[in-house]
Amino acid sequence: MKVPLRKFVPVALIGFALAGPALAQDALTLSSPAMANGAPLPADLKCQRDNGDGASPPLVWTGVPVGTQSLALIMYHYPKGTVEGVDPPSQYWLLWNIPVGTVSLPRNNPDSIGNEGSDKDANATGYTPPCSPKPWFSFSSKPKHQYFIELFALNTSLPTLPTHDDLSVDWAVLTAAMKDKVIASSRISFWN
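Owing to the predicted nature of the structure, the values given are computational and were not obtained by experimental measurement.

**Q** Quick one: what's the story with the sheet that holds strand β9 (residues 182-191), residue by residue and with numbers?
**A** Two strands in a sheet stick together by hydrogen bonds in their backbones, pointing the same way (parallel) or opposite ways (antiparallel). Pairing within the open sheet is mixed, and its six strands lie in the order β2-β9-β8-β4-β5-β7. Strands at the two margins of the open sheet, each flanked by one partner only, are β2 (39-40) and β7 (115-116). Packing of helix α2 (residues 171-178) onto the sheet brings it into contact with β4 (70-77), β5 (90-98), β8 (146-154) and β9, and relative to β4 it is tilted by some 145°.

**Q** How would you summarise the state of the cysteines if you had to cite specific residues and measurements?
**A** With the rule as written, the count across this model stands at one disulfide. The disulfide that involves C47 links it to C131, with 1.9 Å between the sulfurs. Taking the torsion about the sulfur-sulfur bond, which here is approximately 125°, the covalent link between C47 and C131 counts as right-handed. Of this pair, C47 sits in the loop between β2 and β3 (59-62) while C131 sits in the loop between β7 and β8; the two residues are 84 residues apart in sequence, bridging distant segments of the chain. C47 gets classed as buried once you look at its relative accessible area, which sits at 4%. Judged by relative accessible area, which is 27%, C131 ranks as partly exposed.

**Q** I'd like a description of the pairing of β3, backed by residues and values.
**A** Only one face of β3 is buried, namely the one carrying L59 and W61, since none of V60 and T62 on the opposite face is buried. The pairing of strand β1 (residues 29-31) with β3 spans three bridges and is antiparallel. Pairing of S31 across the sheet is with V60, part of β3. Pairing of β3 with strand β6 (residues 104-105) involves two bridges; the strand directions are antiparallel. Note on β6: the bridge partner recorded for V60 is S104.

**Q** Run through the pattern of salt bridges, naming residues and quoting values.
**A** Inspection of every chain in the model, using the stated rule, returns five salt bridges. With its nearest N and O atoms 2.6 Å apart, the salt bridge here joins E84 to R187. Here E84, found in the loop between β4 and β5, pairs with R187, found in strand β9; they are 103 residues apart in sequence, far enough to count as distant. On the accessibility criterion, E84 (43% relative accessible area) is partly exposed.

**Q** Which residues make up the nonpolar core, and what values go with them?
**A** Judged by nonpolar contacts, the single largest core of 25 residues is most densely connected at L59, W61, L73, M75, W93 and I149. Counting residues per element, the ones that place at least two in this core are β3, β4, β5, β8 and β9. Here W93 is in contact with S56, L59, L73, I74, M75, L105, N109, E116, G126 and Y127, once residues within four sequence places are set aside.

**Q** Just give me the short version of the side chain of D166, but keep the residues and values in it.
**A** Here D166 shows up in the loop between β8 and α2. In this structure D166 is buried but unpaired, with K181 as the nearest side chain of opposite charge at 17 Å.

**Q** Can you explain the environment of G114? Please cite residues and give values.
**A** Within the element layout of this structure, G114 appears in the loop between β6 and β7. Relative accessible area serves as the criterion here: at 17%, G114 is assigned to the buried category. Sequence separation of G114 and T102 is 12 residues, and the distance between their C-alpha atoms is 9.8 Å. Residues in contact with G114, not counting those within four places in the same chain, are L95, W96, N97, I98 and D165.

Cut-off values and rules
For every chain, the first residue of the written sequence is number 1, and numbering continues from 1 along that sequence. Totals for whole chains, interfaces and linings use all residues, but because this is a predicted model, local features are given only for residues with pLDDT of at least 70 and pairs of side-chain atoms are given and counted only at 80 or more. The side-chain values count all of the structure's non-hydrogen atoms but skip hydrogen atoms and water molecules. A pair of strands is labelled paired if DSSP reports no fewer than 2 bridges between them. Numbering of helices and strands runs from the N terminus; a helix is a DSSP stretch of H or I covering at least four residues, while a strand is a stretch of E covering at least two. Contacts are assigned to residue pairs with any non-hydrogen atoms lying within 4.5 Å of each other. Axis definition: a line fitted to C-alpha atoms, over the contacting stretch in the case of helices. Angles run 0 to 180 degrees between N-to-C directions. When the sulfur atoms of two cysteines come within 2.5 Å, that pair is taken as a disulfide. Whether a residue is buried, partly exposed or exposed follows from its accessible area with a 1.4 Å probe, protein chains only, as a fraction of its type maximum: under 20%, in between, or over 50%, in that order. For salt bridges, the criterion is a side-chain nitrogen of Lys or Arg within 4 Å of an Asp or Glu carboxyl oxygen. To define a nonpolar core, start from buried Ala, Val, Leu, Ile, Met, Phe, Trp, Tyr and Cys residues and group those joined through side-chain atoms within 4.5 Å. Charged residues are defined here as Lys and Arg on the positive side and Asp and Glu on the negative side; His and the ends of the chain fall outside this count.

This is the structure:
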């Protein structure tokens, strides 16, 4: 018995409709088991001046897109008077050459995964722990800064950058090297 092809078309279309949302769930997603997105920085992760140990936060991610050849990560903050997308931010952590199979960075990155660029003050390579802003003459609560950590999935390695930690790599150098190579990104924020 022959069954007309038109009877199978609706069934095939249902399969495509169901596949769509499943693909959407695979988006690159960055998070931290130590803090919720948009939450305050935990006390133990603050700088030593604020009685923390200055360790970098633990991070995890899912949904690295097919075709990703390398990962990079930047932690930054826009100081008062600067505008996102217009002014360069203060950099607190620059990390590139993170292997594609990596799905997390433990607290303080003890295995030194990836290569690190200049710290905030261009004195050394690595992570700069945030310190709470010094209180101004105010009767309200202490001022707070918003920080961002952004993970980038790249369609290639970054051949213009060193394959080792390097003080010469700052925000401008890393973002220029990533230009036109970002497949996807995910960002979280915290306050301090």
